[in-house]
Amino acid sequence: GCGEIRFSSGVQWRKGVVVSCPCPCRGLGSSARSAREDSWLKSLFVRKVDPRKDAHSNLLAKRETSSLYKLQFHNVKPECLEAYNKLCQEVLPKIHEEKHYPCALVGTWNTWYGEQDQAVHLWRYEGGYPALNEVMSKLRQNKEFTEFRKERGNMLLSRKNQLLLEFSFWNEPVPRDGPNIYELRSYQLRPGTMIEWGNYWARAIRFRQDSNEAVGGFFSQIGQLYMVHHLWAYKDLQTREDIRNAAWHKPGWDELVYYTVPLIQEMESRIMIPLKISPLQ
């Protein structure tokens, strides 16, 4: 109530002004004391940042490839999900198989557990942003695709997408035989922690390779930022549980989890079932 704050160092403040300093610096000259107080004040508010010579995306992403990924989330009207799936199975393979388009359908799913009545599509653009622009430009001239988007729009409640790069230390997502269920684990990281996350997971991924469950790991570039997505494949939910529990018996896994959890602001898990046209089965 008096507007005073006392610190353990003995510095007394009143209304934001230093009024007394009963510490060893009292015997110093006024200029030396002023310089010391100024240095102490700066230490409260200035955070030193290690200089970096490259963007985070260049430090974390695969250098031997220039692929860009697009992750789409479509929330479908419940009564339209079957018609939506049928429409996608008719049109999406034509884009995937057409050599005229420098893109490929990596996987397409319906969410089983997590958000309901949701479709998830993952696309790869060979050649990065120029390939993305080329595909979008050509699709605008494709009358069948224009009609597809119009019909699809009538079935949706909402949609969003993200442009992603893949982590250099993760597996390349390649077609696989089924049947499998897929888990998409999505992490919203605290801003500024992506490099730290990558450093820990470059070691952690070796604990999760025994059953070939690791499909792909990505981080966002456009859309919701500081987002990480890990894609896993399992035979069924019990197999998922067994594989995840087995990781805790490997020396070092618990430590990596301990250090990565504080980097996370929010996380979400989706269990997904692939559509018949999905290269990831």
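The residue numbering used here restarts from 1 in each chain and proceeds along that chain's sequence as written. Per-residue local features of the predicted model are confined to residues with pLDDT of at least 70, and side-chain atom pairs are confined, for both listing and counting, to 80 or more; whole-chain, interface and lining totals are unaffected and use all residues. Based on all heavy atoms of the structure, the side-chain values leave hydrogens and waters out of the count.

**Some details on the pattern of salt bridges**
Side chains that differ in sign of charge can pair as their charged atoms come close.
Here is step 1 of the chain: By salt bridge we mean one thing: a side-chain nitrogen of Lys or Arg within 4 Å of a carboxyl oxygen of Asp or Glu. Enumeration over the complete set of coordinates arrives at ten salt bridges.
Here is step 2 of the chain: Note that E172 is salt-bridged to R124, the shortest N-O span being 3.8 Å. A residue pair is termed long-range when its members are at least 10 positions apart, and E172 in the loop between β7 (156-166) and β8 (181-189) and R124 in strand β6 (residues 118-125) qualify at 48 residues.
Here is step 3 of the chain: Remark: exposure states derive from per-residue accessible area (1.4 Å probe, protein chains only) relative to the maximum for the residue type, with buried under 20%, exposed over 50%, and partly exposed in between. For E172, a relative accessible area of 30% corresponds to the partly exposed category. Helix and strand definitions follow DSSP, with helices as H or I runs of at least four residues and strands as E runs of at least two, each counted in order from the N terminus.

**Some thoughts on the environment of W201**
Here is step 1 of the chain: Within the secondary structure, W201 is located in helix α6 (residues 194-204).
Here is step 2 of the chain: By relative accessible area, which is 7% here, W201 ends up buried.
Here is step 3 of the chain: In sequence terms W201 and G217 are 16 residues apart; their C-alpha atoms lie 9.9 Å from each other.
Here is step 4 of the chain: In contact with W201, not counting residues within four places along its chain, are F169, W170, H230, W232, W253 and T260. Residue contacts are counted whenever heavy atoms from the two residues lie within 4.5 Å of one another.

**Side note on helix α8 (residues 253-260)**
Here is step 1 of the chain: Here α8 has its buried residues at W253, L256 and T260. One side of α8 holds all its buried residues, which, seen down the axis, span an arc of 65°.
Here is step 2 of the chain: On its buried face, α8 sits against α6, α7 (237-247) and β11 (264-274). This arc is taken over the directions from the axis of the helix to the C-beta atoms.

**Some points on helix α3 (residues 81-97)**
Here is step 1 of the chain: How far a helix is expected to stretch is found by multiplying one less than its residue total by 1.5 Å. With 17 residues, α3 should cover 24 Å at 1.5 Å per step; its first-to-last C-alpha distance of 24 Å lies within 8% of that length.
Here is step 2 of the chain: Where α3 bends most, the angle comes to about 30°, and this point is Q89, followed within four residues by the proline P93.
Here is step 3 of the chain: If you check which residues of α3 are buried, you get L81, Y84, N85, L87, C88, V91, L92, P93 and I95.
Here is step 4 of the chain: Taken together, the buried residues of α3 touch β4 (68-76), β5 (103-113), β6, α4 (129-140), α5 (143-153) and β7. We define the bend at each residue as the angle formed by axes fitted to the 7 residues ending at it and the 7 residues starting at it.

**Re the sheet that holds strand β10 (residues 227-234)**
Here is step 1 of the chain: For two strands to count as paired, DSSP must find a minimum of two bridges between them. If you trace the eight strands once around the closed barrel, you get β4-β6-β5-β11-β8-β10-β9-β7, paired in antiparallel fashion. Averaged over all neighbouring strand pairs, the angle between strand axes comes to 35°, with direction disregarded.
Here is step 2 of the chain: Summarising the sheet, β8 and β10 pair through eight bridges and their orientation is antiparallel. Counted as the bridge partner of E183 is W232 from β10.
Here is step 3 of the chain: Lines fitted to the C-alpha atoms define the axes, with helices restricted to the stretch that makes contact. Angles between their N-to-C directions range from 0 to 180 degrees. Along the sheet, α4 makes contact with β4, β5, β6, β7 and β9 (214-222), crossing β6 at roughly 115°.

**Observations concerning the nonpolar core**
Here is step 1 of the chain: To define a nonpolar core, start from buried Ala, Val, Leu, Ile, Met, Phe, Trp, Tyr and Cys residues and group those joined through side-chain atoms within 4.5 Å. Core analysis: the biggest nonpolar cluster contains 54 residues, and Y125, F167, W170, W197, W201, F219 and V228 have the highest contact counts within it.
Here is step 2 of the chain: In this structure, V106, L164, L231 and L280 belong to the second largest nonpolar core, which totals 16 residues.

**Side note on the packing of aromatic side chains**
Here is step 1 of the chain: By convention, a stacked pair of Phe, Tyr or Trp rings (six-membered ring in the case of Trp) has centres within 6.5 Å and planes under 30 degrees apart, an edge-to-face pair has planes over 60 apart, and any other such pair is tilted. Inspection of the entire model under this criterion finds 16 aromatic pairs.
Here is step 2 of the chain: Between W170 and W232, the ring centres sit 5.0 Å apart and the planes meet at 65°, which makes this aromatic pair edge-to-face. Linking W170 in the loop between β7 and β8 with W232 in strand β10, this pair joins segments that are 62 residues apart in sequence.
Here is step 3 of the chain: A relative accessible area of 3% places W170 in the buried class.
Here is step 4 of the chain: Remark: a charge is flagged as sitting over a ring if the NZ atom of Lys or the CZ atom of Arg is within 6 Å of the ring centre and within 35 degrees of the ring normal. For K160, the ring lying beneath its charged end belongs to F73, and the centroid distance is 5.5 Å.

**Section: the side chain of S67**
Here is step 1 of the chain: As for its placement among the helices and strands, S67 is situated in the loop between α2 (56-60) and β4.
Here is step 2 of the chain: Whenever a nitrogen or oxygen atom comes within 3.5 Å of another N or O atom, the pair is scored as a polar contact, on the condition that within protein one atom can donate a hydrogen and the other can accept it, and that pairs from neighbouring residues in sequence are kept only if both atoms are in side chains. In terms of polar contacts, S67 uses its side chain to reach the side chain of E126, at 3.1 Å.
Here is step 3 of the chain: Aside from chain neighbours lying at most four places away, what touches S67 is R124, Y125, E126, L165 and E166.

**Points about the packing of α3 against α5**
Here is step 1 of the chain: Where α3 contacts α5, the two axes come as close as 11 Å, and the packing angle between them is 155°. Classified by the angle their axes make, α3 and α5 are roughly antiparallel. Judged by the sense of rotation from one axis to the other, the crossing of α3 with α5 is left-handed. Contacts between α3 and α5 pair Y84, L87, C88, V91, L92, K94 and I95 from the former with E144, F145, F148, E151 and R152 from the latter.
Here is step 2 of the chain: Partitioning the contact of α3 with α5 into residue classes produces eight nonpolar, no polar and four charged. Geometric relationships in this document are graded by angle, where less than 35 degrees denotes roughly parallel, more than 145 denotes roughly antiparallel, 65 to 115 denotes roughly perpendicular, and other angles denote oblique. In this scheme the handedness of a crossing depends on how the near helix is turned from the far one: anticlockwise by less than a right angle means left-handed, clockwise means right-handed. Classes in brief: Ala, Val, Leu, Ile, Met, Phe, Trp, Tyr, Cys and Pro nonpolar; Asp, Glu, Lys and Arg charged; the others, Gly included, polar.

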